[in-house]
Structure formats: C-alpha cells, structure tokens
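# Coordinates in review
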Amino acid sequence: MGEESWPEIVSRMRRYKPRLHYCSVMWMFPEKNRFKCNTDGASMGNPGISVCAFCIRDDRGDLVYAKAKSLGITTNTQAEIEAINDALKYMQQKDLRKVIVETDSLVLMKMINRLWKVP
C-alpha cells in the first residue's frame, strides 16, 4: 500500500468486492417419539451482562417447555454452559430421555464431544 493519495484510496475502495462466505442453517424436526432441545447463551461484552435460554420441542415441532434467565456478569462461554446445564436438569426432572440437544456454541460442542479439553 505505502504512500497512496486519497483519490487512489477512494478508487481502490470503489473496486473492492468483499468475499462472502455463508452457510444455510435450518431447524430440523426430531425423529418420531423424540424431543429436541435448543440452547443458547449470550453476553453483552465478554465478560458482561449475560443471559441463557433453552426450549424443548416434540416431534411435531410443538413447544413443550422454554426457559430463559438472567445471569448477571459472566462470559459468553459460561452463559452457554448454563443454558445446557439448565436444560439437562429440566430433562432429568421430567424424565425426558430421547432428546437431541443442539447448541450454537462450537466451543461447547467440541468439549462435549471430547474434541477439546475442558479448561
């Protein structure tokens, strides 16, 4: 780049075409006689004000149960952990055994599947 003039920078920016990468994501119904639990956690800042939530749906996609809660100040990873933990506790209390758990957290998915070490 070096020493460019403003007209050269503006010209280069006008020619710039970003490369976009995307992946289609779609919720799928669980198999017959199964449930699906979707979890999420979020933090405004890291650490920051955090929340977590989960919902459970049956094989028709009907909502069985949903819960959200505020966590105060914590990290996004801790918020994701809390969401999964709350969901597992609920499923155990209600004796729901045939459940698929989905998370959008790559970190937790890899830890749960023992691909990454838990810190």
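Going by the structure above, here's the rest.
Quick look at the structure, then. (Residues numbered from 1 in each chain as written. Predicted model: local features only at pLDDT ≥ 70, side-chain atom pairs only at ≥ 80, totals over all residues. Heavy atoms only, no water.)

## Some thoughts on the pairing of strand 2 (residues 48-57)
Relative to strand 2, strand 1 (residues 35-45) is paired through ten bridges, and the arrangement is antiparallel. Bridge assignment links Met-44 to a residue of strand 2, and that residue is Ile-49. Remark: two residues form the turn of the hairpin made by strand 1 and strand 2, two consecutive strands paired antiparallel. Hairpin geometry of strand 2 and strand 3 (residues 63-74) is characterised by an intervening segment of five residues between the two adjacent antiparallel strands and by a positive phi of about 90° at Gly-61. (Pairing = 2+ DSSP bridges. Helix = DSSP H or I, 4+ residues; strand = E, 2+ residues; numbered from the N terminus.)

## So, the packing of aromatic side chains
The final tally for this structure, using the stated rule, is four aromatic pairs. With 4.0 Å between their ring centres and 5° between their planes, Tyr-65 and Tyr-90 make a pair best called stacked. Of the two residues, Tyr-65 sits in strand 3 while Tyr-90 sits in helix 2 (residues 76-93), which places them 25 residues apart along the sequence. Three or more aromatic residues joined by ring pairs form one cluster here, namely Phe-54, Tyr-65 and Tyr-90. (Phe/Tyr/Trp six-rings, centres within 6.5 Å; stacked < 30°, edge-to-face > 60°.)

## Let's talk about the side chain of Asp-58
Here Asp-58 is to be found in the loop between strand 2 and strand 3. Look at Asp-58 and you get buried, because its relative accessible area is 11%. There is a polar contact of 2.9 Å between the side chain of Asp-58 and the backbone nitrogen of Asp-62. Not counting chain neighbours up to four residues away, the residues in contact with Asp-58 comprise Pro-30, Arg-34, Phe-35 and Val-64. (Buried < 20%, exposed > 50% of the residue type's maximum accessible area, 1.4 Å probe, protein only. Polar contact = N/O pair within 3.5 Å; in protein donor to acceptor, adjacent residues only side chain to side chain. Contact = heavy atoms within 4.5 Å.)

## Considerations on the environment of Gly-41
Of note, Gly-41 is situated in strand 1. The spacing of Gly-41 and Ser-105 is 64 residues in sequence and 8.6 Å in space, taken between C-alpha atoms. Those residues in contact with Gly-41, other than ones at most four positions away along the chain, are Val-51, Cys-52, Ala-79 and Glu-80.

## Some details on helix 2
With 18 residues, helix 2 extends 26 Å from end C-alpha to end C-alpha; this agrees with the ideal 26 Å at 1.5 Å per step. Taken residue by residue, helix 2 has Ala-79, Glu-80, Ala-83, Ile-84, Asp-86, Ala-87, Tyr-90 and Met-91 as its buried positions. Projected down its long axis, helix 2 carries its buried residues within an arc of 155°, all on one side. Seen from the open side of helix 2, the exposed residues pointing more than 90 degrees away from its buried face are Gln-92 and Gln-93. Positioned one or two residues after helix 2, Asp-95 has a phi angle of 55°, which is positive. (Expected span 1.5 Å × (residues − 1). Arc of directions from axis to C-beta.)

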